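Structural description and commentary
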Amino acid sequence: MDGKAARMGDSGMRPQDGTIRQGNPGGASAAPLFDGGGSSRPGTWALAASATLLGLALDQASKWWILTAVMDPPRLIPVAPFFNLTLGFNRGVSFGLLAADSPATPWLLSGFALAVLLGFGIWLARDSQPRHGLAAGLIGGGALGNVVDRLRQGAVTDFLDFHWAGYHWPAFNIADTLIFLGAALLVLGARTRNAAPMVLAKPGGDIRHERTRG
């Protein structure tokens, strides 16, 4: 056996020119950020639906508790040096953005939220990763919770007030928290996918696996 054949391994011939290849250590290429090559698994749909329903129930239950028990009458309740319970009604989107007093605003924002949920459903039908199902469910539960508020009372009930050194973050609710967590999960998943393993081959040396940084 000549020297060239002796360098053959389980993964084939090692490159001798210092080539850098991106892929998995086993030889398969890294998966794309959003795998649209196959239909969603039933488990992914079940996870998304469960997260949506649980998130919606938690959001609506917390708002009912605040409106009927805690804020009767409405007042500011200090809970911690950096956190209060309060009562506010937001006619805009999450964290008080795009607030407006037009009667059409709740319907427009609700329609936009439902359109976003439809887009997530179409995307989820093409993606089989449970992590994406959980993220879509969290975002869906939060969005539906705020939609129910807008259609029922024309505004979203906010009651969580975080502050520090006299500066207050815009009041928000459980639905906003769910939307934030779902979006954060998608971003973290994207960074994980971008950190694909790199296969480094040096002339006459061993192959090393490193990871790129997103």
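On a predicted model such as this, the values are computed, not experimentally measured, just so you know.

Quick look at the packing of aromatic side chains now. Under the counting rule described, the total for this entry stands at four aromatic pairs. Pairing Phe-120 with Trp-123 gives two aromatic rings, centres 5.8 Å apart and planes at 65°, and the pair type is edge-to-face. Of the two residues, Phe-120 and Trp-123 are both situated in helix H3 (residues 105-125); the distance of three residues between them amounts to about one turn of the helix. One aromatic cluster is present, built from ring pairs that chain together Phe-82, Phe-83, Phe-162 and Phe-172.

So, on to the confidence of the model for the protein chain. In this model, the protein chain carries an average pLDDT of 77, and 66% of its residues clear a pLDDT of 70 or more. In this model residues 4-15 is a low-confidence stretch, pLDDT under 50, and it forms 13 contacts with partners more than four residues away in sequence or in other chains. Low pLDDT, under 50, characterises residues 19-23; the predicted model gives this stretch 18 contacts beyond four residues in sequence or across chains.

Tracing the backbone shows Gly-142 in helix H4 (residues 130-153). Classification of Gly-142 by relative accessible area gives buried; the value is 0%. On a C-alpha basis, the gap between Gly-142 and Asp-176 in space is 6.1 Å, while along the polypeptide they are 34 residues apart.

Procedures and definitions
Residues numbered from 1 in each chain as written. Predicted model: local features only at pLDDT ≥ 70, side-chain atom pairs only at ≥ 80, totals over all residues. Heavy atoms only, no water. Phe/Tyr/Trp six-rings, centres within 6.5 Å; stacked < 30°, edge-to-face > 60°. Helix = DSSP H or I, 4+ residues; strand = E, 2+ residues; numbered from the N terminus. pLDDT = per-residue confidence, 0-100. Contact = heavy atoms within 4.5 Å. Buried < 20%, exposed > 50% of the residue type's maximum accessible area, 1.4 Å probe, protein only.

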